[in-house]
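The residues making up each chain are set out below.
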Amino acid sequence: MASLLIWSLFYHVCLLELTSTTQTPAYSCSLLGPFEPNFLADGDYIIGGIFPLHYVMDMPDLNCTYKPSPIQCHGFDPRAFRWSQSLRFAVEEINQSQDLLPNHTLGYKILDSCAYPLTGQRAVLAMLNGPSETQSAMCSGPSPLLAVVGESGSAQSIIVSRILQPFHIPMISYFSSCACLSNRREFPTFFRVIPSDAYQVKAIAQLLQHFGWTWVGVLNGDHAYGRFALQGLRRELANTTVCIAYHVMIPLLYTRQRALEILDVMQHSTAKVVVAFSAEGELTPFLKEYMEQNITGIQWIASEAWVTASLFAGSEFYPYLGGTIGFAIRHGMVSGLRDYLLTVNPLRYSNNSLVQELWAALYGCSMQPPGSRSPVSPELPSCTGSEPLLKQHSAYLNTSSFRVTYNVYKAVYAIAHSLHNLLSCEPGKGPFQNSSCANTTSIYPWQLQQYLQDVSFSISGEKVNFDEKGDAIPSYDLINWQRGTAGNIEFVKVGMFDGSRDAGKELFIQDEAIVWTGHQSEVLVSVCSDSCAPGNRKAVRPGEPLCCFDCVPCDSGKISNQTDSIDCTPCPEDCWSNPARTECILKAVEFLSHDAMGLALTVISIAGACLTAAVLSVFTHHRNTPIVRVNNSELSYFILLSLVLCFLCALLFIGEPTPWSCMLRHTAFSITFSLCISCILGKTLVVLAAFTAARPGNNIMKWLGPKQQRVIIFSCTLVQVVICAVWLAAAPPFPFKNTQYSRSKIILECSVGSSLAFWCVLGYIGLLACLCFVLAFLARKLPGNFNEAKYITFSMLIFCAVWLAFIPAYISSPGKFTVAVEIFAILASSFGLLFCLFAPKVYIILLKPERNTKQHLMGRVMT
Ligand code: TRP
């Protein structure tokens, strides 16, 4: 701001006179600093043109002990020179046109902005002042300047616009794309024929997403353009998967030290894609350093400011910059311009130092005598000036199509069309107060602005108009830097971005036409973390951007079937995750089947049944021996038969539970066991009665004849049958899929239906067993060589022990083991009964037949 003021003071301003409506000539004004237009042409209406004809500015001299000399500019830019020639060409074309502004001529003043805000400001002030005091007529008209075509860089345009604004002079920029310039409050007189960067960052964000580059670096220049573009890109990427890994700024005052630091950041980052919002001028020293450091493998994304920069078209750049991609502003045809450019040579413009500089830049020679203001090195060889302007690859001519040049051309035409409309205003139908028209003899810039805002015309098939913010229709070409035949870089169009299309459909890319950096055909990968395979989810690393994450496998029971899932989804209840956690599979159904355990149990139960049957056959075979007869053979047969059933009912527990097998299992088991214990109980009673009856006067045996025994057995069993009947009627057991116990499998089991009934059934068997145990215990001491009571006591002890042990085991075993435990209890208790009750007898029958005599059995009792 301070520098702005300093420079404003170097000019004594004729501005007051310029804008005042009084026609008095301003004789008293004098210029404080000389600064003349580079190209000047008089006409009825003068338009200004500001171009960065040089790109290096000497720092202003701040020592005011003497009159500071004007700021010097170096580094002639042939490209910007071409733009300025495009303005001249357009004006000349319009002046010759019979349709556009007939009977009127346009004039121009072209000034060098030197590509810096400070010098841009000098240019606009000089333009407003007029070349010298002698041209005082400039101060006498309403305004010597109707509109300005300028500037290139946004930073300069901002200052130029701020200076023009108080005088309501409209300006049309051909290259300033900063989104900040769309603010009508700050820049009310600003128009442009280039789309705002708001669209470019949108396009770049879509490009990054298209190629899956989620980890990118940003390099920007230290100016409005760079800063606003970075800000815009940040905003565009905020809701996407793309993150900015780092952002570095090329300083205004370039130093090698800083460049090396920036290159270090680039080299050490995992982000291989770098978006650069910068211009060729400031990028040149930086990229030279980049090449010197021999850095490769970086995919550059060029902003529109340098994506078609001819400066980098040389073959030495290809190994480093080949493959660069970026959005360029729309190109257009300007017929006749090429021929016009060819007419520019130092012989024709002998006084114009710029043309001599052009020659020096294109041919490396200088005219004699060297140019006056901007010094052309005297050490250069001299040239004639008639060298043919055909040399390929010169920045001046080497364009198959015009982009910025075409924008300048469009801007001039926009002014001409507006002026034409203004001049052809029908009285009474004008846009001004009371529908009046502008006074054609004294047109004010603000009147032209009114027409500019509404202008609409076509140039080479393209419609040109401005929206309410003064912006142009957004449209870009996607440019890829490919190797040309001479090893140079060619700017090949590989797609486009049409901002007027529906959201999401703007970008069109010919992927296969793109050549990537390092002459690759494969897209380079630039991510912070590799994507997560299905079966994993992303876990953000604390304190790091969202693009950097770890991949965590899904928990069991949860899956993710896409790459880069944020979350794992739980499987439905009857499903479970596969080992890879990529899909839900039906849970395994588990039940005690004929697997190893099932088979073993089956074999044991059948073996038990067979053994029991064998014992039975031994008994029937020896039914007439005393040991069988003495011990109540009928009851023994009953016990053996029911034991066979007990062994067999274990088989019901093996296999898939069905409604029938569930109902049968518990009832069959409880009834057979009740039957068995009842028989043993009967036997105990008989033993007890037999010995009690042996005492005189006791005829208890009368009450325990075979008939009564059967009744006892029958009624005891009947109780269990009734309990079972009630159970089956009220809440029968049913097959049940237990998903709770294990998360990964479904356990198919028999639910007891009513646990009360289940425990009643068990309780009843327990009760019978206890009763039996107590009675047998009482009878155990009774005399007799073969007192069954002690065997019964022992068997009941085993029986109770087995079933007491069963309860906790039953409750705590998982899945199919519950059933196995139950079978085990059935088998163990059956074997217990079988062995305790029958092993001693079978032993005597088979191995000690000598003891199988009535005497022996009763011997003791008799004596
Ligand atoms: N679109 C850029 C801008 O608006 C183009 C540009 C021209 C530029 N000259 C520049 C960018 C100098 C940075 C520096 O500024």
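Everything below is about the structure shown above.
Residues numbered from 1 in each chain as written. Predicted model: local features only at pLDDT ≥ 70, side-chain atom pairs only at ≥ 80, totals over all residues. Heavy atoms only, no water.

## As for the overall build of the chain
Phase 1: Each helix and strand counted, the chain has 24 helices and 27 strands in total.
Phase 2: Looking at the chain residue by residue over its 863 residues, the buried ones come to 52%.
Phase 3: Relative to all contacts within the chain whose residues are 6 or more apart in sequence, the contacts with residues 24 or more apart total 69%.
Phase 4: Carbon and sulfur atoms make up 59% of the accessible area of the chain, which amounts to about 38,600 Å² in all. (Helix = DSSP H or I, 4+ residues; strand = E, 2+ residues; numbered from the N terminus. Buried < 20%, exposed > 50% of the residue type's maximum accessible area, 1.4 Å probe, protein only. Contact = heavy atoms within 4.5 Å. Areas by Shrake-Rupley, 256 points an atom, 1.4 Å probe, with all protein chains shown as cover.)

## Here's the deal with the packing of aromatic side chains
Phase 1: According to the stated counting rule, one finds 44 aromatic pairs in the structure shown.
Phase 2: On the basis of an interplanar angle of 85° and a centroid distance of 5.7 Å, the ring pair of Phe432 and Trp446 is categorised as edge-to-face. Here the residue Phe432 occupies a position in the loop between helix H14 (404-423) and helix H15 (445-454), and Trp446 occupies one in helix H15, the gap between them amounting to 14 residues.
Phase 3: Members of the aromatic cluster, connected to one another through ring pairs, are Phe653, Phe669, Phe673, Trp727, Phe758, Trp759, Phe799, Trp803, Phe806 and Tyr810.
Phase 4: Here the guanidinium or amino end of Arg184 rests over the ring plane of Phe191, the centre of that ring lying 4.9 Å away. (Phe/Tyr/Trp six-rings, centres within 6.5 Å; stacked < 30°, edge-to-face > 60°. Lys NZ or Arg CZ within 6 Å of the ring centre and 35° of its normal.)

## Observations regarding the side chain of Ser303
Phase 1: Position of Ser303 relative to the elements: it lies in the loop between strand S12 (299-302) and helix H11 (318-321).
Phase 2: Excluding its chain neighbours within four sequence positions, the residues that come into contact with Ser303 are Gln200, Tyr225, Ala276, Phe277, Ser278 and Phe327.

## Things to note about the sheet that holds strand S25 (residues 588-590)
Phase 1: Across the sheet, three strands lie side by side as S25-S27-S26; this open sheet has mixed pairing. Strands with a single pairing partner mark the edges of an open sheet, and in this sheet they are S25 and strand S26 (734-738). Direction aside, the axes of adjacent strands within the sheet are offset by 30° on average.
Phase 2: Relative to strand S27 (residues 745-751), S25 runs parallel, the two sharing three bridges. (Pairing = 2+ DSSP bridges. Axes fitted to C-alpha atoms, helices over the stretch in contact; angles between N-to-C directions.)

## Section: the environment of Thr308
Phase 1: One can find Thr308 in the loop between S12 and H11.
Phase 2: Residue Thr308 is classed as buried on the basis of its relative accessible area, which comes to 15%.
Phase 3: Through-space distance from the C-alpha of Thr308 to that of Phe327 is 9.1 Å; in sequence the pair is 19 residues apart.
Phase 4: When neighbours within four sequence positions are excluded, Thr308 is seen to be in contact with Arg79, Ala328, Arg403, Ile479 and Phe491.

## Examining helix H6 (residues 154-164)
Phase 1: Most of H6 sits out of view: 10 of its 11 residues are buried.
Phase 2: Regarding H6, the residues found buried are Ser154, Ala155, Gln156, Ser157, Ile158, Ile159, Val160, Ser161, Ile163 and Leu164.

## Thoughts on a nonpolar patch on the surface
Phase 1: There is a patch of nonpolar side chains on the surface, built from Phe714, Leu718, Val721, Val722 and Val726 and spanning about 440 Å² of accessible area.
Phase 2: For Val726, the position within the fold is in helix H20 (residues 706-730).
Phase 3: A residue is classified by how much of its surface remains accessible, and Val726, at 51% relative accessible area, is exposed. (Patch = residues over 30% accessible without salt bridge, like charges linked within 9 Å, V, L, I, M, F, W, Y side chains within 5 Å. Salt bridge = Lys/Arg side-chain N within 4 Å of Asp/Glu carboxyl O.)

## Re the site of the ligand
Phase 1: Taken together, 13 residues lie near the ligand, and Ser152, Ser154, Phe175, Ser177 and Glu304 sit nearest.
Phase 2: At 2.4 Å, a side-chain N or O of Ser154 approaches an oxygen atom of the ligand.
Phase 3: One nitrogen or oxygen atom from the side chain of Ser177 is found 2.7 Å from a nitrogen atom belonging to the ligand.
Phase 4: Calculation on the ligand without its partners gives an accessible area of 350 Å², and the protein chains cover 90% of this total.
Phase 5: The cavity that encloses the ligand is the largest pocket.
Phase 6: Here the residues of the shell around the ligand sort into five nonpolar, six polar and two charged. (Near = heavy atom within 4 Å. Polar contact = N/O pair within 3.5 Å; in protein donor to acceptor, adjacent residues only side chain to side chain. 1 Å grid on protein atoms, 1.4 Å probe; cavity = no way out; pocket = protein on both sides within 12 Å on 5 of 7 lines; lining within 4 Å. Sits in = over half its atoms within 2 Å of the grid points. Nonpolar A, V, L, I, M, F, W, Y, C, P; charged D, E, K, R; others polar.)

## Overview of the environment of Ser830
Phase 1: Note on placement: Ser830 falls in helix H23 (residues 816-847).
Phase 2: Separated by 184 residues in the primary sequence, Ser830 and Cys646 have C-alpha atoms spaced 6.7 Å apart.
Phase 3: The residues contacting Ser830, other than those within four sequence positions of it, are Leu643, Cys646, Phe647 and Phe673.
Phase 4: Of the polar contacts made by the side chain of Ser830, one reaches the backbone oxygen of Ile826; its length is 2.6 Å.

## Remarks on the environment of Leu263
Phase 1: Within the element layout of this structure, Leu263 appears in helix H9 (residues 256-268).
Phase 2: Assessed through its relative accessible area of 1%, Leu263 is described here as buried.
Phase 3: As a C-alpha pair, Leu263 and Glu289 span 26 residues in sequence and 8.5 Å in three-dimensional space.
Phase 4: Other than its neighbours up to four places away in sequence, Leu263 contacts Phe286, Glu289, Tyr290, Gln293 and Ile295.

## Concerning the sheet that holds strand S9 (residues 215-221)
Through backbone hydrogen bonds, the strands of a sheet pair up, either in parallel or in antiparallel fashion.
Phase 1: Reading across the sheet, the eight strands line up as S10-S9-S11-S12-S13-S16-S17-S18 and stay open at both edges, with mixed pairing between neighbours. If you trace the sheet from one side to the other, it starts and ends with strand S10 (243-250) and strand S18 (507-509), each paired once. Strand-to-strand, the axes of this sheet are offset by a mean angle of 30°, without reference to chain direction.
Phase 2: Taken together, the two bridges between S12 and strand S13 (residues 325-329) define a ladder with parallel strand orientation. Looking at the pairing, Ile301 lines up with Ile325 of S13.
Phase 3: This element, helix H7 (residues 197-210), spans S9, strand S11 (273-277), S12, S13, strand S16 (475-483), strand S17 (489-498) and S18 of the sheet and lies at about 155° to S13.
Phase 4: Contacts between helix H8 (residues 224-237) and the sheet are confined to S9, S10 and S11, with S9 contributing the most and set at about 155° to the helix.

## Structural notes on the packing of helix H16 (residues 596-621) against H23
Phase 1: Running from N to C, H16 and H23 cross one another at 25°; their axes reach a closest spacing of 10 Å. What the angle tells us is that H16 and H23 run roughly parallel. When you trace H16 past H23, the crossing you get is left-handed.
Phase 2: Of the residues in the contact of H16 with H23, the class split is 18 nonpolar, three polar and two charged. (Parallel < 35°, antiparallel > 145°, perpendicular 65-115°, else oblique. Left-handed = near helix turned anticlockwise from the far one by under 90°.)

## Looking at the pattern of salt bridges
Phase 1: Tallying each qualifying case throughout the model produces 14 salt bridges.
Phase 2: The closest approach of N and O atoms between Arg79 and Glu280, which form a salt bridge, is 2.1 Å. With Arg79 in helix H3 (residues 78-96) and Glu280 in helix H10 (residues 280-292), the pair connects residues that are 201 residues apart, well separated along the chain. Note on accessibility: Arg79 and Glu280 belong to one class, buried.
Phase 3: Here Asp477 makes a salt bridge to Lys493, at a shortest N to O gap of 3.3 Å.

## Focus on the packing of H9 against H10
Phase 1: Running from amino to carboxyl end, H9 crosses H10 at an angle of 60°, the nearest separation of the two axes being 10 Å. One finds that H9 runs oblique with respect to H10. Crossing handedness for the pair H9 and H10: right-handed. Mapping the contact onto sequence places Arg256, Ala259, Leu260, Ile262, Leu263 and Met266 in H9 and Phe286, Glu289, Tyr290 and Glu292 in H10.
Phase 2: Split into classes, the residues belonging to the contact of H9 with H10 amount to seven nonpolar, no polar and three charged.

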